[in-house]
Amino acid sequence: MSSLSRELVFLILQFLDEEKFKETVHKLEQESGFFFNMKYFEDEVHNGNWDEVEKYLSGFTKVDDNRYSMKIFFEIRKQKYLEALDKHDRSKAVEILVKDLKVFASFNEELFKEITQLLTLENFRENEQLSKYGDTKSARAIMLVELKKLIEANPLFRDKLQFPNLKNSRLRTLINQRPNPDIKTLFVDHSCGQPNGARAPSPASNPLLGGAVPKPGGFPPLGAHVPFQPTPAPVPTPLAGWMSNPPTAAHPAVSGGPIGLGGPPIPAGLKHPRTPPTNPSVDFPSGDSEHPSKRTRPMGNDEVNLPVNVLPVSFPGHAHSQTFNATDDLPKTVARTLNQGSSPMSMDFHPIQQNLLLVGTNVGDIGLWEVGSRERLVQRNFKVWDLSACTIPLQAGLVKEPGVSVNRVIWSPDGSLFGVAYSRHLVQIYSYHGNDDVRQHLEIDAHVGGVNDLAFSHPNKQLSVITCGDDKLIKVWDAQNGAKQYTFEGHEAPVYSVCPHYKENIQFIFSTALDGKIKAWLYDNLGSRVDYDAPGRWCTTMAYSADGTRLFSCGTSKDGESHIVEWNESEGAVKRTYQGFRKRSLGVVQFDTTKNRFLAAGDDFSVKFWDMDNTQLLTNSDADGGLPASPRIRFNKDGTLLAVSANENGIKILANPEGLRMLRNYENLAFDASRASEAAKPTVNPMSSAVASSAGLTDRVGPVVGLSAMNGDVKPRITEETNDKSKIWKLSEINEPSQCRTLKLPENLRVTKISRLIYTNSGAAILALASNAIHLLWKWQRSDRNSSGKATATVSPQLWQPSSGILMTNDAADTNADEAVSCFALSKNDSYVMSASGGKISLFNMMTFKTMTTFMPPPPAATFLAFHPQDNNIIAIGMDDSTIQIYNVRVDEVKSKLKGHSKRITGLAFSNVLNVLVSSGADAQICVWSSDGWEKQKSRFLQLPPGRPPTAQSETRVQFHQDQIHFLVVHETQLAIYEATKLECVKQVVGSTRISCPDISCDVFLSSNVHPLVIAAHPHEPNQFALGLSDGSVHVFEPLESEGKWGVPPPAENGSASSVPTTPLVGGSAQDQAQR
């Protein structure tokens, strides 16, 4: 049924209700299945009209649709049976038992036997489970509570429980309007076009549209993946679909519960619903929030009670600024040309080491390239690892025709595994241990025929492999042992692609088949939830934007017509169709997404690019020629590189300016390793290079003690390698301003000294927290001199303030500014900052500077803050009483209190790969906590040099490497690298004097009384740093253009895979960073 027809049904329902056609209203509700009238259903249950109750339900669900429906019907029929027994109407009870309840015997035979035995009792209350059964009225009331919860939790009902908010007599009003053939909706007034070309108001402003009324069987809204969601408002929210957010406190009691004999319990949450008394719910977008183009919202509203769909704000001059060329961010420059030796069929960049490219070819070969150095690290030809374990059809087929092609290669989310799907039955999973160390992990005879696609996912927090094939099946396998976990049946043609995803706690898989059907599956055995046709109805792939909020598909029909579309998930309808394809594509078009902003597809011997918010072609590139008709393409994670298959077995690596810089860094590293014995160029003072250069454990921000150096003339000691001079970093000092580019940022006279400093995740701004609790924000704008809009020492930024003139100022009541510990954490979308300066913790909006909420007044005071990497509702708060509080901001509740340190907490860092929290304290102790149950897994005190006990004010800071397994520890006595799973120190650098702050000549900053207090590293430029000084100023410095970088790394170790990551890094997310 079309959307207009559906809307018309609602208008007719409203009309019938207004005209008092009550029976007809409910008949139409049931027959259409569009609106479930809960009030009518309640009345019928209270009145015991069981036949009408089941008849009304039948318009929306059947007994065997899902476990919710089964339990709904069971509770109704059980109540009907008990009422017959209570009236001693045995014949009626037997009839109900045989006709109504026996259907459940196949699901639970023991239960059915127990129900049958009730016939032998004089009073069924003699059964222990039914001993508290009261009278009929109270029993129906209790059952109704359970039924309502089941209905609300049932995916088949969740888009049908609210009636659209219509004006009175909407149908009459519509009929009285002038007829017009271009009416698009019946829910808002239509006005004809004006003679001068003025347009009528868009119906998109109506809250009922844009997904409010989903189509039956359409793609369901998969839940707003935004943290700090407000409590449900009395105003009806957009209707939810089958994958809406999990039900609130009352629902978990029913969602997984089996059918049973006893009466349904009334959860405590229903008796005493909890609403935070003082802390209003805050909607705090995470990195998974929607696209930047949707982020604007009216200013002047109360920022504390944000609506559910509030989205991250964009700073002026960034995001989709039309002042500058949007194509500057696209990788279009040919930076590398590789030759694989056979035709590339699938490619994937490593998720962390984004210079590593995995390639699968048409003859079954796989290759692993380090694109910066143009070196092929691994080349493997197709080989069955264990032929005896394969099925007989596969063995026979390989003997008859040994040729095999790679259909898909893909890395696991953490880059420790990669999978290869072949055109003949097999999936092979390799483990990757760095450099050229690739090992066989699993071989699975997965499908009969070809394995057409492969993906990794994390259902139930366990890494799984998803495959699909010519046998029309989708299968889920344990990624560790290869055990089959699920098999999904329902497609009527070979399954072409799979797209796993999650929203909130709901994991699901989209799949497409060669008949053009799109289906969706939960990790259960209840069948597909969606059955829709993809444009083109042939080879279709699906992909989400990087933030997980927008769904796209790309398909090519058998006639060569290609389509890229964006889907409205709530309606299962195409939201927009992108233009610009060749009229008849010469092959199946492959596409990819990047930066939550761009789409790309290989078509017509070129790569074509679109802005996600504009259906017209943005630009295209032929990559200097030599591309096939439909080249295969793949972005790296940051969108700085694009791999494109080329003719004659070639691969072209396209790069944007940032990608070119990254490739140069890798190229320089290879060159530096070959000349490590040469004298190093003048660079940053001792130790800063070792932890902050592009080859070290770089992260974005560091501790007050500095990720840097030791005062005085220091010879660092690398404990494991003192005798191997070739492995010592080449270090030297900056003694003159001419040795680097520096920029003093615009000052604010109200600031005395800088206590904390951090770059934003975008790299386009610097945020500082001063000792007087005031925040300062400097932002760089795009310009002719700064086309990237990123922080640089060559262009001065703006000291930004909103038009209101307000400042972001922390609560500092009753605190001594010199003694208070400052701390802050930045949201991964750069929209919000959580901060404290010895007083309450404050949440600020980075666009408006408004204080959205404050909480947790001291004592104890917060000394360190860190956001949970998967859920920005959860923050870890280190306290000055040595505890760590795991706090849920949305519900204003401390979920857990971790005790293990003896002095104040000075560092926190999450690993989203290991699901752990690492903490450090002034007691020189490191603890590792599980982020699932928050239990302590390991703890260890630092290995302090003899005769160097920590001082009373010593701090220990921790930062995770981008591999999320190793982390850097900074203490006044040392720098060390630890491996988190075993908590073992793998590298240690001990200084002969106290490590305090960067030892940079005062002449550089033109004042003998000023010294650095804090330091921050740029997230994307490994050679750029910012310093916060004791006079309240902030300086940015980076190498001279002629130098290009700091420091010289040690050479790579030949013949072995080091246990310490040597991946050149450009910084991690704010959640992983230590604070300055």
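Residue positions are counted from 1 within each chain, in the order its sequence is given. Only residues with pLDDT of 70 or above have their local features reported here, since the model is predicted, and side-chain atom pairs are shown and tallied only from 80 upward, although totals for entire chains, interfaces and linings are computed over all residues. Heavy atoms from the whole structure form the basis of all side-chain values; hydrogens and water molecules are not counted.

Identification of the protein as CTLH domain-containing protein from Salvia splendens is taken from an unreviewed UniProt entry.

Description of the UniProt feature "repeat: WD" (unreviewed entry) in the protein
The following threshold applies: UniProt positions are given in the numbering used here, feature names are shortened, and annotations may be inferred rather than shown by experiment. Strands are runs of DSSP state E lasting at least two residues, helices are runs of H or I lasting at least four, and both sets are numbered from the N terminus onward.
The feature "repeat: WD" (unreviewed entry), as given by UniProt, occupies residues 444-487, 589-620 and 898-930 in the numbering adopted here. The span residues 589-620 is 0% helix and 56% strand, and its two end C-alpha atoms sit 15 Å from each other. This span, residues 898-930, is 0% helix and 64% strand, and a straight line between its end C-alpha atoms measures 11 Å.

A short note on the environment of methionine 345
In plain terms, the rule: By the convention used here, residues are in contact when the closest approach between their heavy atoms is within 4.5 Å.
With respect to the helices and strands, methionine 345 occurs in strand 2 (residues 344-349). In sequence terms methionine 345 and serine 405 are 60 residues apart; their C-alpha atoms lie 8.1 Å from each other. Residues within four places of methionine 345 in sequence aside, it is in contact with Gly360, Thr361, Asn362, Ser405, Val406, Gln590 and Arg632.

Observations regarding the packing of helix 5 (residues 67-86) against helix 6 (residues 90-101)
Quick reminder of the rule: Angles here are taken between N-to-C directions and fall from 0 to 180 degrees, while the axes themselves are lines fitted to C-alpha atoms, restricted in helices to the stretch in contact. Oblique is the label for any angle not under 35 degrees, not over 145, and not in the 65 to 115 range, which are roughly parallel, roughly antiparallel and roughly perpendicular in turn. Crossing handedness: left-handed means the near helix sits turned counterclockwise from the far one by under a right angle, and right-handed means the same turn made clockwise. Each residue is assigned to one of three groups, with Ala, Val, Leu, Ile, Met, Phe, Trp, Tyr, Cys and Pro labelled nonpolar, Asp, Glu, Lys and Arg labelled charged, and all others, Gly among them, labelled polar.
The interhelical angle for the contact between helix 5 and helix 6, taken along N-to-C directions, is 165°, at an axis separation of 8 Å. Between helix 5 and helix 6, the crossing angle belongs to the class labelled roughly antiparallel. Once helix 5 is placed against helix 6, the crossing between them reads as left-handed. Taken together, the residues of helix 6 that come into contact with helix 5 (itself represented by Phe74, Arg77, Lys78, Lys80, Tyr81, Ala84 and Leu85) are Arg90, Lys92, Ala93, Ile96, Leu97, Asp100 and Leu101. Residue composition of the contact of helix 5 with helix 6, grouped by class: eight nonpolar, no polar and six charged.

Observations regarding the packing of aromatic side chains
For any two aromatic rings, the description comes down to two numbers: the centre-to-centre distance and the angle of the planes. Under the convention used in this document: Note on aromatic pairs: the rings of Phe, Tyr and Trp (six-membered ring only in Trp) are paired at centre separations within 6.5 Å, and the planes decide the class, stacked below 30 degrees, edge-to-face beyond 60, tilted for the rest. Residue exposure (1.4 Å probe, protein chains only): buried if accessible area is under 20% of the type maximum, exposed if over 50%, otherwise partly exposed. Think of it as a cone above the ring: NZ of Lys or CZ of Arg counts as a charge over the ring if it is within 6 Å of the ring centre and within 35 degrees of the ring normal.
In the structure shown here, the tally under the stated rule is 29 aromatic pairs. With a centroid separation of 6.2 Å and an interplanar angle of 25°, the aromatic rings of phenylalanine 10 and phenylalanine 34 are classed as stacked. One end of the pair, phenylalanine 10, is in helix 1 (residues 3-18); the other, phenylalanine 34, is in the loop between helix 2 (22-32) and helix 3 (38-46), with 24 residues separating them in the sequence. As far as the burial class goes, phenylalanine 10 and phenylalanine 34 line up, both buried. Within the aromatic cluster, the residues linked to one another by ring pairs are Phe36, Tyr40, Phe41, Tyr56, Phe60 and Phe157. The ring of phenylalanine 34 has arginine 6 lying over it, and the distance from NZ or CZ to the ring centre is 4.5 Å. We note lysine 779 situated over the ring of tryptophan 800; from NZ or CZ to the ring centre the distance is 3.6 Å.

A word on unusual backbone geometry
A cis amide bond links proline 858 to the next residue, proline 859, at an omega of -5°. Relative to the helices and strands, proline 859 is located in the loop between strand 38 (851-855) and strand 39 (862-867). With an omega of -10°, the peptide bond between proline 859 and proline 860 qualifies as cis. For asparagine 649, which is not a glycine, the phi torsion comes out positive at approximately 65°. Checked against the element boundaries, asparagine 649 lands in the loop between strand 27 (641-646) and strand 28 (650-655). Judged by relative accessible area, asparagine 649 falls into the partly exposed class, the value being 27%.

Here's the deal with the confidence of the model for the protein
What counts is decided by this rule: Confidence scores here are pLDDT values: one per residue, from the predictor, ranging 0 to 100.
Summarising the model, the protein shows a mean pLDDT of 77, and 74% of its residues fall at 70 or more. For residues 193-257, every residue scores under 50 in pLDDT, and the model assigns this stretch 172 contacts once sequence neighbours within four places are set aside. Every residue in residues 676-728 is under pLDDT 50, and counting partners more than four places away or in other chains gives 206 contacts.

Let's talk about the sheet that holds strand 31 (residues 754-759)
Note on sheets: strands pair through backbone hydrogen bonds, and any given pair is parallel or antiparallel. Rule in force here: Strand pairing is assigned whenever DSSP identifies at least 2 bridges connecting the two strands.
As summarised here, the arrangement of the four strands in space is 31-32-33-34, forming an open sheet in which the pairing is antiparallel. Here the strands that pair on one side only, and so sit at the sheet edges, are strand 31 and strand 34 (798-799).

Thoughts on the pattern of salt bridges
Operational definition: Each reported salt bridge corresponds to a side-chain nitrogen of Lys or Arg within 4 Å of a carboxyl oxygen of Asp or Glu.
Under the counting rule described, the total for this entry stands at 35 salt bridges. Among the salt bridges present, the one from lysine 39 reaches aspartate 43, with a minimum N-O distance of 3.0 Å. Remark: aspartate 43 and lysine 39 occur in helix 3; sequence separation between them is four residues, near one turn of the helix. Here lysine 39 falls in the exposed class, since its relative accessible area comes to 52%. Classification of aspartate 43 as partly exposed rests on a relative accessible area of 29%. Where lysine 71 meets glutamate 146, a salt bridge forms, and the shortest distance between an N and an O atom there is 3.5 Å. On the criterion of sequence distance, the pair formed by lysine 71 in helix 5 and glutamate 146 in helix 8 (residues 136-153) is long-range, its members being 75 residues apart. Given the relative accessible area of 3%, glutamate 146 is considered buried. Sharing partners across several salt bridges, the network here consists of Asp329, Arg597, Asp611 and Arg782.

Side note on the pairing of strand 43 (residues 905-911)
Extensive coverage of strand 43 is indicated by the burial of seven of its seven residues. In this sheet, strand 44 (residues 916-921) lies alongside strand 43 in antiparallel orientation, the contact comprising six bridges. Its bridge partner lying in strand 44, serine 911 is registered against valine 916. Following strand 43, the chain reverses through four residues before pairing antiparallel with strand 44; asparagine 915 in that reversal takes a positive phi of roughly 55°.

A closer look at the nonpolar core
Buried together is how nonpolar side chains tend to be arranged in soluble globular proteins. So the rule is basically this: Working definition of a nonpolar core: buried Ala, Val, Leu, Ile, Met, Phe, Trp, Tyr and Cys residues. They are joined through side-chain atoms within 4.5 Å.
Judged by nonpolar contacts, the single largest core of 42 residues is most densely connected at Phe36, Phe41, Leu57, Tyr81 and Leu101. Those elements that provide at least two residues to this core are helix 3, helix 4 (50-58), helix 5, helix 6, helix 7 (109-117) and helix 8. The element best represented in this core is helix 5, accounting for 10 residues. With residues near it in sequence (within four places) discarded, leucine 57 still touches Phe36, Phe41, Ile72, Phe73, Ile76 and Phe157.

Describing helix 5
Here is the rule we go by: For a helix, the expected span equals 1.5 Å multiplied by the residue count minus one. By the criterion applied in these results, polar contacts are pairs of N or O atoms within 3.5 Å in which, for protein atoms, one can donate a hydrogen and the other can accept it, and in which residues neighboring in sequence qualify only through two side-chain atoms.
Its 20 residues place the ends of helix 5 28 Å apart at the C-alpha level, agreeing with the 28 Å of an ideal helix rising 1.5 Å per residue. Measuring from the backbone nitrogen of tyrosine 68 back to the side-chain oxygen at the start of helix 5 gives 3.0 Å, which picks out asparagine 66 as the cap. Phi turns positive, to about 60°, at histidine 88, one or two residues after helix 5.

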